[in-house]
Amino acid sequence: MKTATAGSTVPVQTSQTPVRVAVVIGSNREGRFGPVVADWLLARIRERDDLAPEVVDVASLQLPTVLSHSPSPSVAAELSKVTPALAVADAFVVLTPEYNHSFPAGLKNLIDWHYTEWRAKPVALVSYGGVSGGLRAVEHLRQVFAELHAVTVRDTVSFHGAGAAFDAEGQPRDPEAPVAAAKVMLDQLGWWAQALREAKERRPYGG
């Protein structure tokens, strides 16, 4: 358990402390469907006492595709909108569509602007798309996050033919399977987040 000394601002964390989950909406495409899936997913997360979500939306950022170790003041201002949320997160849920058999450029750009923020943390993957349900994008993301020393949980939530799978109120027309899948995925995410958080408190990850 992490303790705080007198005058310290380090928060005390216990096994009962909710896992801080950054929910990354990975599409910035005009007319995107991502917010519909994200709202449904956030409702599932907020039903739980062990997870505390914070939304990170790629569409709200203007990060350049030219990476820099010394970003300009304007880029630093954009990073300040997102980097703190990624840094304090214990875990991530990354929501992605599938474009041309992979995930969106805006999501990759957000990932590439950060490094230590992902390290030794678990990532759950939620996808949507046509026939494939975005699963090809998910498999590509597993490779990316492995390179960043993150752990992707096994089970995912995917929506095939997503536009037709949700009704006008933003709810799945057949909710039983996705609700069950979300529970399994979030259970795994919570386990890994607690395990890795406790492990890092005993011994910092050296990678």
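Residues numbered from 1 in each chain as written. Predicted model: local features only at pLDDT ≥ 70, side-chain atom pairs only at ≥ 80, totals over all residues. Heavy atoms only, no water.

### Things to note about the overall build of the protein chain
Of the regular secondary structure elements, the protein chain holds 7 helices and 6 strands. Projected onto its principal axes, the C-alpha coordinates of the protein chain cover approximately 55 × 40 × 30 Å. Taken over 207 residues, the protein chain has a buried fraction of 44%. The contacts in the protein chain between residues at least 6 apart in sequence include a share of 80% that link residues at least 24 apart. For the protein chain, the accessible area works out to roughly 10,700 Å², and carbon and sulfur atoms hold 54% of it. Here the protein chain holds 20 positive side-chain charges and 22 negative ones, and the gap between their average locations is 6 Å. (Helix = DSSP H or I, 4+ residues; strand = E, 2+ residues; numbered from the N terminus. Buried < 20%, exposed > 50% of the residue type's maximum accessible area, 1.4 Å probe, protein only. Contact = heavy atoms within 4.5 Å. Areas by Shrake-Rupley, 256 points an atom, 1.4 Å probe, with all protein chains shown as cover. Lys, Arg positive; Asp, Glu negative; His and termini not counted. Charge placed at Lys NZ, Arg CZ, Asp CG, Glu CD.)

### As for helix H2 (residues 73–80)
Residues of H2 that are buried: Val-75, Glu-78 and Leu-79. Buried residues along H2 cover an arc of 100° about the axis, so they all sit on one side. Exposed and oriented more than 90 degrees from the buried face of H2 are Pro-73 and Ser-74. Here the buried face of H2 lies against helix H3 (83–88). (Arc of directions from axis to C-beta.)

### Overview of the pattern of salt bridges
Using the criterion set out here, one finds 12 salt bridges in the structure. Between Asp-112 and Lys-108 there is a salt bridge; the shortest N-O distance is 2.8 Å. Of the two residues, Asp-112 and Lys-108 are both situated in helix H4 (residues 105–112); the distance of 4 residues between them amounts to about one turn of the helix. Assessed through its relative accessible area of 29%, Lys-108 is described here as partly exposed. Residue Asp-155 pairs with Arg-154 through a salt bridge whose shortest N-O separation is 3.3 Å. By relative accessible area, Asp-155 is classed as partly exposed at 21%. Beyond isolated ion pairs, a larger network of salt bridges with shared partners links Arg-48, Asp-50, Lys-183 and Asp-187. (Salt bridge = Lys/Arg side-chain N within 4 Å of Asp/Glu carboxyl O.)

### So, the pairing of strand S6 (residues 157–160)
Burial along S6 is one-sided: Val-157 and Phe-159 are buried, while Ser-158 and His-160, pointing the other way, are not. Pairing analysis gives 4 bridges linking strand S4 (residues 122–129) to S6, with the strands arranged parallel. Among the inter-strand pairings, Val-126 is bridged to a residue of S6, identified as Val-157. (Pairing = 2+ DSSP bridges.)

### As for unusual backbone geometry
One non-glycine residue, His-101, adopts positive backbone phi at about 70°. Mapping His-101 onto the fold places it in the loop between strand S3 (91–97) and H4. Residue class for His-101 comes out partly exposed when judged on its relative accessible area of 45%. At Ala-120, a residue that is not glycine, the phi angle is positive and equals roughly 55°. Structurally, Ala-120 is set in the loop between H4 and S4.

### What about the packing of aromatic side chains?
Counting across every chain of the model gives 7 aromatic pairs. Arranged with centres 5.2 Å apart and planes meeting at 85°, the rings of Trp-191 and Trp-192 form a pair that is edge-to-face. Classification of Trp-191 as exposed rests on a relative accessible area of 55%. The exposure class assigned to Trp-192 is partly exposed, which follows from its relative accessible area of 34%. Members of the aromatic cluster, joined through ring pairs, are Phe-33, Trp-40, Tyr-128, Phe-159 and Phe-166. Geometry around Tyr-99 places Arg-29 over its ring, the cationic atom sitting 4.8 Å from the centre. (Phe/Tyr/Trp six-rings, centres within 6.5 Å; stacked < 30°, edge-to-face > 60°. Lys NZ or Arg CZ within 6 Å of the ring centre and 35° of its normal.)

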